[in-house]
Amino acid sequence: MAYALLAVFMVLGAISILSWKRYAERQSDLPKIARCAGLSYSEGDPFGSARVPFQLFRLGDGREVHNTMWGVAPDGMPVRAFDYSYYTESTDNGSLNLTRALEGGDVTEKQRRYRHYTCALAEVPAVWPHLVIQPEKGMTRLVNFLDGADLEFESGEFNRMFRVTCEDPQFARTFIDAQMIDFLLTTKGEFQIEVKGRWILVAGQQLPPRGFPGLMNLHNALRSRIPPLVWDLYPQGPRASIDGLGLGELGVRGREAS
């Protein structure tokens, strides 16, 4: 029995060491990748990225943003990529904290379960309705079945791959034209896209450091395919929007952090 327990502890220890090593290597690679790509980098989040009230940023009991890369895209818009996590908390009544018990305090332990993403965020010189283009799988498929709020488009493949909801359905149908559908199909449903105010978010599973510039390039490609009719029907809005951070202020904060 003692040997079995020792073996278990050794395996757990080895797993912990490997996890720490991968984390340390990732943290070491991120600034190197940023420099090679001509981007600025911070281990934290100098922009308060999760303040923008995207659907993804409202999930869970708490949120964390770190490992931010940023720069200016070819179209002149500030763009950044970062690791984003949200967690849900649960109380494990079977896990007792001996110290707290002796002190007469709460003996239950709160456990956190995390979900990890890498996101790219950029702005446009307009203020647009909230649009969510979400991969159609897992819980998303179940929610779609229950509420039926999904907007349908002419492409059956696109309808099967994505759930689309928008506070202004006409905006969604203008934004997602045939060219945009073809582009989104090339992503294989690996990314969630949200538009809100003057911000556009692209989010997917957590990427290795070398994937950050690529995700920013994907965001640039997405913006380049926004139909001209969107700009005509939904023209430029005010310079400050729902998150309270203007274009000029973003640039100043970026320079201060670099």
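For the structure itself, consult the block above.
Residues numbered from 1 in each chain as written. Predicted model: local features only at pLDDT ≥ 70, side-chain atom pairs only at ≥ 80, totals over all residues. Heavy atoms only, no water.

Chemist: I'd like a description of the overall build of the protein, backed by residues and values.
Modeler: Counting its secondary structure elements, the protein contains nine helices and six strands. Counting across all 258 residues of the protein, residues that qualify as buried make up 45%. Partitioning the intrachain contacts of the protein with sequence separation of at least 6 by distance along the chain shows that 70% fall at a separation of at least 24. Here the protein has roughly 14100 Å² of accessible surface; of this, 56% comes from carbon and sulfur atoms. (Helix = DSSP H or I, 4+ residues; strand = E, 2+ residues; numbered from the N terminus. Buried < 20%, exposed > 50% of the residue type's maximum accessible area, 1.4 Å probe, protein only. Contact = heavy atoms within 4.5 Å. Areas by Shrake-Rupley, 256 points an atom, 1.4 Å probe, with all protein chains shown as cover.)

Chemist: Outline unusual backbone geometry, listing residues and values.
Modeler: Working note: non-glycine residues mostly have negative phi, and peptide bonds are mostly trans. The residue Asn-67 is not glycine, and still its phi comes out positive at about 55°. Looking at the element boundaries, Asn-67 is found in strand β2 (residues 62-72). Its relative accessible area of 2% is what places Asn-67 among the buried residues. Backbone geometry at Lys-188 places phi at a positive 60°, although glycine is not the residue there. Inspection of the secondary structure assignment puts Lys-188 in the loop between α6 (178-185) and β6 (191-205). Residue class for Lys-188 comes out exposed when judged on its relative accessible area of 61%.

Chemist: Lay out the packing of aromatic side chains with the relevant residues and their values.
Modeler: Scanning the entire structure with this criterion turns up 14 aromatic pairs. Between Tyr-84 and Tyr-117 the ring centres are 6.2 Å apart and the planes differ by 35°, which places this aromatic pair in the tilted class. Placement of the pair is Tyr-84 in strand β3 (residues 78-92) and Tyr-117 in strand β4 (residues 109-135), with a sequence separation of 33 residues. For Tyr-117, a relative accessible area of 14% puts it in the buried group. Among the aromatic side chains, those forming a connected cluster through ring pairs are Phe-54, Phe-57, Phe-82, Tyr-84, Tyr-86 and Tyr-117. (Phe/Tyr/Trp six-rings, centres within 6.5 Å; stacked < 30°, edge-to-face > 60°.)

Chemist: So what's going on with the environment of Ala-149? Which residues, and what values?
Modeler: As for its placement among the helices and strands, Ala-149 is situated in the loop between α3 (139-147) and α4 (156-161). Owing to a relative accessible area of 40%, Ala-149 belongs among the partly exposed residues under this scheme. A C-alpha to C-alpha distance of 8.7 Å links Ala-149 and Arg-163, two positions 14 residues apart in sequence.

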